[in-house]
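# Working through the structure, step by step
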Amino acid sequence: MEKDYAYIMEYHDDWKKKAGALGFNMKNDYLFRMLMQSDEQTLKALIASVMRVDISRIISTVVLNPVLFGAVIDDKEMILDVRVMIELDGDKLHKEQKYKIIDLEMQVYKYDDWKERSLAYICRAYTSIKKGDEYDRIMPVWQISFCDFPLFENSTEFISDYMLLNTRNPSQIYTDKFKITCINLKADDLATDEDLKNGLVSWAKLFKAETWEDLIMLAENNPVMDQTISSVWQLSQDELIKEQMIRREENERFYKRIMEKAERADRAEAELVNKQAEIDSLNKRIVELEAEINKKKP
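Residues numbered from 1 in each chain as written. Predicted model: local features only at pLDDT ≥ 70, side-chain atom pairs only at ≥ 80, totals over all residues. Heavy atoms only, no water.

Moving on: the overall build of the chain. Of regular secondary structure, the chain possesses eight helices and eight strands. Taken over 298 residues, the chain has a buried fraction of 41%. Pairs at least 24 residues apart make up 71% of the contacts formed inside the chain by residues separated by at least 6 positions. For the chain, the exposed area adds up to about 18,000 Å²; of that, 52% sits on carbon and sulfur atoms. (Helix = DSSP H or I, 4+ residues; strand = E, 2+ residues; numbered from the N terminus. Buried < 20%, exposed > 50% of the residue type's maximum accessible area, 1.4 Å probe, protein only. Contact = heavy atoms within 4.5 Å. Areas by Shrake-Rupley, 256 points an atom, 1.4 Å probe, with all protein chains shown as cover.)

What follows is the structure in structure tokens.
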């Protein structure tokens, strides 16, 4: 599949002259999508880190759902994914293992239906088989979500990997063509030595950065971060992209307020139900006491 969009960004070090707070949110999903779509080197480096392979193993990448530069995204769409087909170095791989679909997502807020929606996304990508094709030709799909929250309460993991497996024998994997990885950006202090070695902590720190000093420190002796931050800086200066970044953040805040109101309403309704249950219990006790009193009357 040929690329029909800009995919290479030149390096500029203007950002290194900046200081103080960033004027944009590094976790903005629109900025994340534009970055992955505009800078192939960054896209390859990020995927290689999560896959724990050398970047040289990724021969090519093609974004399957590109959007026009600075294009408006439907406000109803709460999750912006970047669906990528990658080609791996096939020297030691069978032909059908050379290609994978990688679904990348940046998610700041934890919505009630987050797990269901992410599952729907990966299933949609996995079942995109053409009529007449053999099922064993379906490409492996790997969904990678960068979340600003733990997927489960009391979670003690920086990275969580999920696959279909036999619950009675976890070592028996049903298929390796279907995988979900969640990276909790708030838990990089729980990273393993392997996570550090593969650069995953650096990516988490990049997305969490709040000042230019944070970025300068991160880019020191790290050419991958240096190039990526250069690209982020250039994208964040584009007026079309800035407008959409602001729109996405406003949309997320609006949706969050709606969810918070709904949660408060649910709590109030639950309290009302509990109070009514208490009243019903008291009324029942009163009836019982009255019956006992009536029995004792001469």
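Phi is positive for R52, which is not a glycine, with a value near 60 degrees. Tracing the chain through its elements places R52 in the loop between α2 (40–51) and β1 (58–63). Its relative accessible area of 27% is what places R52 among the partly exposed residues.

We now examine the packing of aromatic side chains. Within this structure, the stated rule accounts for seven aromatic pairs. Geometrically, the ring pair formed by F24 and W212 is edge-to-face, given 5.9 Å between the ring centres and 70 degrees between the ring planes. With a gap of 188 residues between them, F24 in the segment before α1 (29–38) and W212 in helix α6 (residues 212–219) connect regions that are remote in the sequence. When sorted by exposure, F24 lands in the same class as W212, which is buried. Taken together, a centroid distance of 5.3 Å and an interplanar angle of 65 degrees make the contact between F146 and F207 edge-to-face. Taken together, the residues F146 in strand β4 (residues 141–147) and F207 in helix α5 (residues 200–208) connect sequence positions 61 residues apart. Using a relative accessible area of 2% as the deciding quantity, one classes F146 as buried. (Phe/Tyr/Trp six-rings, centres within 6.5 Å; stacked < 30°, edge-to-face > 60°.)

Here we take up the confidence of the model for the chain. Residues at a pLDDT of 70 or more form 85% of the chain, whose mean pLDDT is 83. When mean pLDDT is compared element by element in the chain, α5 scores highest at 96, while helix α8 (residues 239–296) scores lowest at 76. (pLDDT = per-residue confidence, 0-100.)

Here the focus is α1. Most of α1 sits out of view: ten of its ten residues are buried. Turning to α1, its buried residues number three or more, namely D29, Y30, L31, F32, R33, M34, L35, M36, Q37 and S38. If you check the start of α1, you find a side-chain oxygen 2.9 Å away from the backbone N of Y30, and it comes from N28. (Polar contact = N/O pair within 3.5 Å; in protein donor to acceptor, adjacent residues only side chain to side chain.)

With that settled, consider the pairing of strand β8 (residues 178–184). Counting buried positions over the seven residues of β8 gives seven, a clear majority of the element. The alternating pattern of β8 places F178, I180, C182 and N184 on one face and K179, T181 and I183 on the opposite face, and all of these are buried. By the bridge criterion, five bridges tie strand β5 (residues 159–163) to β8 in an arrangement that is antiparallel. Opposite M163, over in β8, you have K179 as the bridge partner. (Pairing = 2+ DSSP bridges.)

Now for the environment of F152. Mapped onto the elements, F152 comes out in the loop between β4 and β5. Accessibility expressed as a relative area gives 41% for F152, which makes it partly exposed.

Our next topic: the pairing of strand β7 (residues 169–173). Strand residues, when the strand is regular, have side chains that alternate between the two faces of the sheet. When strand β6 (residues 165–166) meets β7, the two strands line up antiparallel, connected through two bridges. Residue L165 lies in a different strand from β7, and its bridge partner there is I173. Counting the residues in the hairpin turn of β6 and β7 gives two residues.

A few words on the environment of D214. Within the secondary structure, D214 is located in helix α6. Sequence separation between D214 and A21 is 193 residues; the distance between their C-alpha atoms is 9.4 Å.

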